[in-house]
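# Topology and contacts: notes
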Amino acid sequence: MNLGPEPFTTARLDALPLRVAYADEMAAVLGDPALHTYTGGAPETADGLRARYGRQTAGSPDPGVRWWNWVLRVRDEGRLAGYVQATVDVPGAAAEIAWVVGTRWQGRGYAKEAAQGLVAHLLAGAGAGAGAGTGTGVVRTVLAHIHPDHDASAAVAGAAGLAPTERWCEGERRWERGAGED
């Protein structure tokens, strides 16, 4: 049974399941400290990303949680430009998502396109087989946590059909969308 993420595509992007081999290229994509303005931390080296990608691709130690990560390849360029991810709570049929597009590729609508594609992919039943034995495998709720000053991420979340809620977690507002929402 395949518990990993399934690839998906959008008009301009290929979302490819994360592999450790992407670490060198992604270190360059994610190397701008400005990408950490709202999330904290600092850019990781290629070695650091290799280690992290190894942990992420190994999967969650919790059998009820799936760690699904994709790199984003701009099809016309044949280059990686960022990533999207979903932490899927299988019993709860919910996915918490995030996205990052490298500074060089920002302002072209890639984050919006990637987030829209990810939400559609998840709500369409991506990884339905991953819930075998748990009674579910289809995501019904998608959520994201966004810093209140990060207008670009709020715009991306809104374009992906998520709406702000009154719930907060560690200083970030929870945005949410259910399967029946447009």
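All residue numbers refer to positions counted from 1 along the written sequence of the respective chain. Per-residue local features of the predicted model are confined to residues with pLDDT of at least 70, and side-chain atom pairs are confined, for both listing and counting, to 80 or more; whole-chain, interface and lining totals are unaffected and use all residues. Neither water nor hydrogens contribute to the side-chain values; these are computed over all heavy atoms in the structure.

Here we come to the packing of aromatic side chains. Pairing of aromatic side chains requires ring centres within 6.5 Å, counting the rings of Phe and Tyr and the six-membered ring of Trp. Pairs whose planes differ by under 30 degrees are stacked, by over 60 edge-to-face, and all others tilted. All chains considered together, the criterion is met by two aromatic pairs. On the numbers, 5.5 Å between centres and 75° between planes, the contact of F8 with W70 is edge-to-face. Residue F8 is located in strand β1 (residues 8-9), and its partner W70 is located in strand β3 (residues 65-74); the two are separated by 62 residues in the primary sequence. Consider the rings of W68 and W70, whose centres lie 6.5 Å apart with planes at 75°: the pair is edge-to-face. Only runs of H or I of at least four residues qualify as helices and only runs of E of at least two qualify as strands under DSSP, and these elements are numbered from the N terminus.

A few words on helix α4 (residues 151-159). The rule is simple: take the accessible area with a 1.4 Å probe, protein chains only, and divide by the maximum for that residue type; under 20% is buried, over 50% is exposed, in between is partly exposed. Among the residues making up α4, those that are buried are S153, V156 and A157. Down the axis of α4, the smallest arc covering the buried residues is 100°, so these residues share one side. Pointing more than 90 degrees away from the buried face of α4 are the exposed residues D151 and A152. Should any heavy atoms of two residues lie within 4.5 Å, those residues are counted as being in contact. The elements touched by buried residues of α4 are β5 (94-101), α3 (110-123), β6 (141-146) and β8 (172-178). Looking one or two residues past α4, G161 carries a phi angle of roughly 90°, positive in sign. Regarding the arc, it is the one traced by the directions from the helix axis to the C-beta atoms.

Known as pLDDT, the predictor's confidence for each residue is given on a scale from 0 to 100. For the protein chain, mean pLDDT is 91; residues scoring 70 or higher make up 90% of the total. Overall, residues 129-136 carries pLDDT values under 50, and its contacts beyond four positions in sequence, including any with other chains, amount to 13 contacts.

Below, the discussion takes up α3. Expected helix span is computed as 1.5 Å times (number of residues minus one). Taking 1.5 Å of rise per residue, 14 residues should cover 20 Å, and α3 covers 20 Å from first to last C-alpha, within 8% of that figure. For α3, the buried fraction is high: eleven of the 14 residues fall into the buried class. For α3, the complete set of buried residues consists of Y110, A111, E113, A114, A115, G117, L118, V119, H121, L122 and L123. Looking one or two residues beyond α3, the residue adopting positive phi is G125, at roughly 100°.

Okay, the pattern of salt bridges next. Note on definitions: salt bridges are taken to be side-chain nitrogens of Lys or Arg within 4 Å of carboxyl oxygens of Asp or Glu. All chains considered together, the criterion is met by nine salt bridges. Across the salt bridge formed by R50 and D24, the nearest N and O atoms sit 2.7 Å from each other. Of this pair, R50 sits in helix α2 (residues 46-58) while D24 sits in helix α1 (residues 23-29), and the two are 26 residues apart along the sequence. According to the relative accessible area criterion, D24 is partly exposed, its value standing at 48%. The residue R173 makes a salt bridge to E166 at a minimum N-O spacing of 3.9 Å.

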